[in-house]
Amino acid sequence: MKNLVILGAGTAGTMMASHLKKKLNISDWTITIVDQYKTHYYQPGFLFLPFDTYKPEDVKKTIDEFIPKGVKLVREKIDIIDKDSDTVVLENGTKLKYDILILATGTKTAPGEVEGMLGDYWYKTIFDFYTFEGALALRDKLKDWKGGKMVVHITEMPIKCPVAPLEFAFLADSFFLKKGMRDKVEITYVTPLSAAFTKEKSSAALGHLLKEKGIKIVPDFAVEHIDGEKGVIVDYGGDEVPFDLLVTIPTNMGDEVMLRSGFGDDLNYVPTDKNTLQTTVKENIFAIGDCTNVPASKAGSVAHFQAEILTENILLYIDGKELKPDFDGHANCFIETGHGKALLIDFNYDYEPVKGKFPFAGIGPLNLLTESRLNHWGKLAFRWIYWNMLLPARKLPFITPKMSKSGKNFD
Amino acid sequence: MEKVIAGKSVDVDTNGYLTDLSQWNKDIAIEIGNEEGINEVTPKHFEVLTYLQEQYKKDIALTIRGVGKSGVVDIKELYTLFPKGPLKISSKMAGIPRPKSCI
Ligand SMILES: Cc1cc2nc3c(=O)[nH]c(=O)nc-3n(C[C@H](O)[C@H](O)[C@H](O)COP(=O)(O)OP(=O)(O)OC[C@H]3O[C@@H](n4cnc5c(N)ncnc54)[C@H](O)[C@@H]3O)c2cc1C
C-alpha cells in the first residue's frame, strides 16, 4: 500500500481529495487528509456578512461532509513536515509516512505584523472581514455606526481574493446609500498598489467606478504603523490617513508549519513551479491553492483550475512520466460593484482581464469587465457551485482550466 | 520602443522601464533617478539596485518586505532613498521590469 497525504481540508485540499478518490486505484493507495478544524467556511461569503446580506449559517458547513468516503480524515494540527524521511508529524505526536504529499494549507491574516493593528482598538474601530469573527464583529459595528471616515485598507500584497477589498468599498457605498446615510460617510480606499488594481485595463475600469461612487483612492501607501488612539494610519513616508472606522486587510501569510519545516519564503509561502505545481522542496511534494508562491491570484477559482491540472500531474508522477506544465495562471472572478450588479474578469499569467463575452464568444451570456445584473447573479450562484460542484470536483460545463482567448477584445 | 537615456539608445516599455537589462549602465540609473525626483544618487542607492538586479536574475519576485529583510536596507531606509513607491522607482532605475503584484 502506498500513502498519499493531503495537508489542509479547505477549498483546494478537499477538491484534491475528491479528484484523487476518483482517479487513484484504491487497492494501491491510501489517501489521508489532515485539518485542524471541524468547520469548512465559504470564505467568499465573508464579504457579505458585514452588510448582513449573508447570515453566519450561510457560510459554514462541516469539513467531513465534503470528504469522500474512502478518504481518511484526521483532525489534528500539523506540527512539522520532515521532507528527508517523508514524514508529517502532527501536534499529538502521530507520524504520517507518505509517498506523495500535497500541501493545501492556505493563507491567513496576520494582523500582528503591523504595529498598532492588534490591541485596544481591534474590533472597536479597527476591523478585518477576512475572518469569520472579524466579519461578524464588523457587522455588529455597522448596525449602529453613526457615520464618519471609513477607510478600506490593504496592508500589503499578495492577499487572497485581491478584488475583495474593492468589492467591500463598493458594497459599503451601496449599504450606506440604502440606509439613507451616504452623506454622513466618507469612504477612502487606501492601497499599496499604484492604482485600484494591478492589471492596467481593469484598473482603469475599477478606478472609474470608485470615482463614480464618490470613493477617494490613496495609492502607493505602505502602512508602517497604526495609531488607534489618534485614528490614523501612517505610511513609511510619514503620510497619514485619518479614520473613524478602519476596515483593513491585514498581511496575509502562509501557515507557520512551512516556517517550522524550513521551506517557506518570507511570507511562509511554498516555492512551487508555477506551471506544474510541483514544489522545489522535493519532487514528491506538490502544492495547490493559497499556500504556494506562484504569481497567480489566490482564489478558489484558481484552486479549481489548478486541481484538474495537479491531478493529472500526480498521475503522471506515479507513472514515472514527465509532468505537464499546463497551469497558465487562469483566474476567473466576479467583482461585486453594489446595487445588485457585478463585473466579471477572466485572466492568466500572460493576458490581463479585458472586455468581451464569457464563456461563449460573441454570445456570453456574461459580460467581461462590464457591470451587469447577470454577473451579480453569477456571484451569488457561486456559493451553490462552490459547495455542489467545486468541492466534489464535478466538471464545470464550458469552463476550461486553461484560459480561453476567444470572445475577448484584446487590442 | 526606443528611448535615449544618458546618451544611450535603449529599449523601454510604455512606462519607461528597460526591457533589456544588458543595456543598463550607471549613468542610465542616475538619469532615471533624476527624472523621478532623486537628485543625488548615492552608493547606497546603487547597493539596492545591485541587490534588485541579482534577485531579478534569480527570477525571485520582489516585494518591499523582501527588500526590507535583505540586509541591504530596512523598509524605512528604502523609503528614504526612493520616496513614494520605492519598489517601482528602484526597479526602473535598476533596469528591470516594473514589479508585478501577485494578482
Ligand atoms: C473575504 C474573502 C472573499 C473571497 N472571495 C472569493 C471569490 O469571490 N472567489 C474566489 O474564487 N475566491 C475567493 N476567496 C478566496 C478563497 O476563499 C481562497 O482562495 C480559497 O479558499 C483557498 O483555498 P485553500 O484550500 O488554498 O485554503 P483554505 O480554504 O483557507 O484551506 C486551508 C486549510 O488548511 C488548514 N490548515 C492550515 N494550516 C494547518 C495546520 N498547521 N494544521 C492543520 N490544518 C491546517 C486550515 O485549517 C484550512 O482548513 C475569498 C477569500 C476571502 C477571505
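Given the structure is predicted, the values throughout are model-derived calculations rather than measurements.

(A) Here's a closer look at the pattern of salt bridges. Residue and element names in this part refer to chain A. Taken as a whole and judged by the stated rule, the model has 23 salt bridges over all chains. The partner of Lys-402 in a salt bridge is Asp-326, and the shortest N-O contact between them spans 3.6 Å. Residue Lys-402 is found in the segment after α7 (373-390), and its partner Asp-326 is found in the loop between α6 (300-318) and β21 (331-338); the two are separated by 76 residues along the sequence. Each member of the salt-bridge network shares a partner with another, and the members are Lys-108, Asp-255 and Glu-256.

(B) Geometry of the interface of chain A and chain B. Contacts between the two partners involve 26 residues from chain A, matched on the other side by 15 residues from chain B. Summed over both partners, the interface of chain A with chain B comes to about 1,700 Å²; 53% of that surface belongs to carbon and sulfur atoms. At the junction of chain A with chain B, the criterion picks out four salt bridges. For Arg-65 of chain B, the salt bridge identified is with Glu-156 of chain A, shortest N-O distance 2.7 Å. Across the contact surface, chain A and chain B share five residue pairs in polar contact (both at pLDDT 80 or more). For the side of chain A that touches chain B, the class distribution of residues is 12 nonpolar, five polar and nine charged.

(C) Local environment of the nonpolar core. The biggest cluster of nonpolar side chains holds 97 residues, and the ones touching the most others in it are Leu-4, Phe-129, Met-150, Phe-168 and Phe-176 of chain A. It is helix α3 (residues 164-178) of chain A that contributes the most residues to this core, nine residues altogether. With sequence-adjacent residues up to four places away left out, Phe-129 of chain A is seen in contact with Phe-46, Leu-47, Pro-50, Gly-134, Ala-135, Leu-138, Ala-164, Pro-165, Phe-168, Val-247, Thr-248 and Ile-249 of chain A. One finds Val-12, Leu-49, Leu-81 and Met-93 of chain B within the second-largest nonpolar core, a separate group that totals 28 residues.

(D) Structural context of the domain arrangement of chain A. Residue and element names in this part refer to chain A. By the assigned domains, chain A splits into domain 1 (2-108 + 253-318), domain 2 (110-251) and domain 3 (331-390). On a C-alpha basis, the centres of domain 1 and domain 2 stand 30 Å from each other. Residue-level contacts link 20 residues of domain 1 with 24 residues of domain 2. Of the roughly 1,900 Å² buried between domain 1 and domain 2, counting both surfaces, carbon and sulfur atoms make up 73%. When the buried area of domain 1 at its contact with domain 2 is split by residue, Leu-47, Pro-50 and Phe-51 rank highest and sum to 34% of it. Taken together, the connections running from domain 1 to domain 2 amount to zero salt bridges. Joining domain 1 to domain 2, the criterion identifies three residue pairs in polar contact (both at pLDDT 80 or more). Its residues assigned to classes, the side of domain 1 that touches domain 2 comprises 12 nonpolar, three polar and five charged.

(E) Helix α4 (residues 200-212) of chain A, seen in detail. All names here are of chain A. End to end, α4 covers 18 Å across 13 residues, agreeing with the expected 18 Å (1.5 Å per residue, within 8%). Tucked into the core, α4 has its buried residues touching α3, β13 (185-190), β14 (216-218), β21 and β22 (341-347). Following α4 by one or two positions, Gly-214 has its phi on the positive side, about 65°.

(F) Representation of the side chain of Thr-14 of chain A within the structure. If you trace the backbone, Thr-14 of chain A turns up in helix α1 (residues 11-23). Setting aside residues no more than four positions away along its own chain, Thr-14 of chain A makes contact with Ala-9, Ile-33, His-40, Phe-66, Ile-67 and Leu-391 of chain A.

(G) Structural context of the site of the ligand. Residues and elements named next belong to chain A. Of all residues adjacent to the ligand, which total 29 residues, the nearest are Thr-11, Ala-12, Asp-35, Ile-78 and Asp-290. The contact in question runs from an oxygen atom of the ligand to an N or O atom on the backbone of Ser-301, over 2.9 Å. Coverage of the ligand by the protein chains reaches 95% of its 1,000 Å² of free accessible surface. Breaking the shell around the ligand down by element, the ones donating at least two residues are α1, α6 and α7.

(H) The arrangement of the packing of aromatic side chains in detail. All names here are of chain A. Going through the model one piece at a time under the given rule, you end up with 22 aromatic pairs over all chains. Where Phe-51 meets Phe-168, the ring centres are 5.0 Å apart and the plane angle is 35°; that geometry is what we call tilted. Of this pair, Phe-51 sits in the loop between β3 (39-41) and β4 (60-62) while Phe-168 sits in helix α3, and the two are 117 residues apart along the sequence. Look at Phe-168 and you get buried, because its relative accessible area is 0%. Residues Phe-286 and Tyr-317 carry aromatic rings whose centres are separated by 5.4 Å and whose planes lie at 75° to one another, so their mutual orientation is edge-to-face. Note that Phe-286 is positioned in strand β20 (residues 285-287) and Tyr-317 in helix α6, a separation of 31 residues in sequence. Its relative accessible area of 0% is what places Phe-286 among the buried residues. Ring pairs connect the aromatic residues Phe-51, Phe-129, Tyr-130, Trp-145, Phe-168, Phe-175 and Phe-176, which therefore count as one cluster. Positioned above the aromatic ring of Tyr-349 is the side chain of Lys-274, whose terminal nitrogen or guanidinium carbon lies 4.7 Å from the ring centre. Sitting above the plane of the Tyr-269 ring, Lys-298 keeps its charged end 4.0 Å from the centroid.

Conventions and cut-offs
- Residues numbered from 1 in each chain as written.
- Chains lettered and ligands numbered in written order.
- Predicted model: local features only at pLDDT ≥ 70, side-chain atom pairs only at ≥ 80, totals over all residues.
- Heavy atoms only, no water.
- Salt bridge = Lys/Arg side-chain N within 4 Å of Asp/Glu carboxyl O.
- Helix = DSSP H or I, 4+ residues; strand = E, 2+ residues; numbered from the N terminus.
- Contact = heavy atoms within 4.5 Å.
- Buried area = accessible area lost by both parts, 1.4 Å probe.
- Polar contact = N/O pair within 3.5 Å; in protein donor to acceptor, adjacent residues only side chain to side chain.
- Nonpolar A, V, L, I, M, F, W, Y, C, P; charged D, E, K, R; others polar.
- Core = buried A, V, L, I, M, F, W, Y, C linked by side-chain atoms within 4.5 Å.
- Buried < 20%, exposed > 50% of the residue type's maximum accessible area, 1.4 Å probe, protein only.
- Domains from an automatic or database assignment.
- Expected span 1.5 Å × (residues − 1).
- Near = heavy atom within 4 Å.
- Areas by Shrake-Rupley, 256 points an atom, 1.4 Å probe, with all protein chains shown as cover.
- Phe/Tyr/Trp six-rings, centres within 6.5 Å; stacked < 30°, edge-to-face > 60°.
- Lys NZ or Arg CZ within 6 Å of the ring centre and 35° of its normal.

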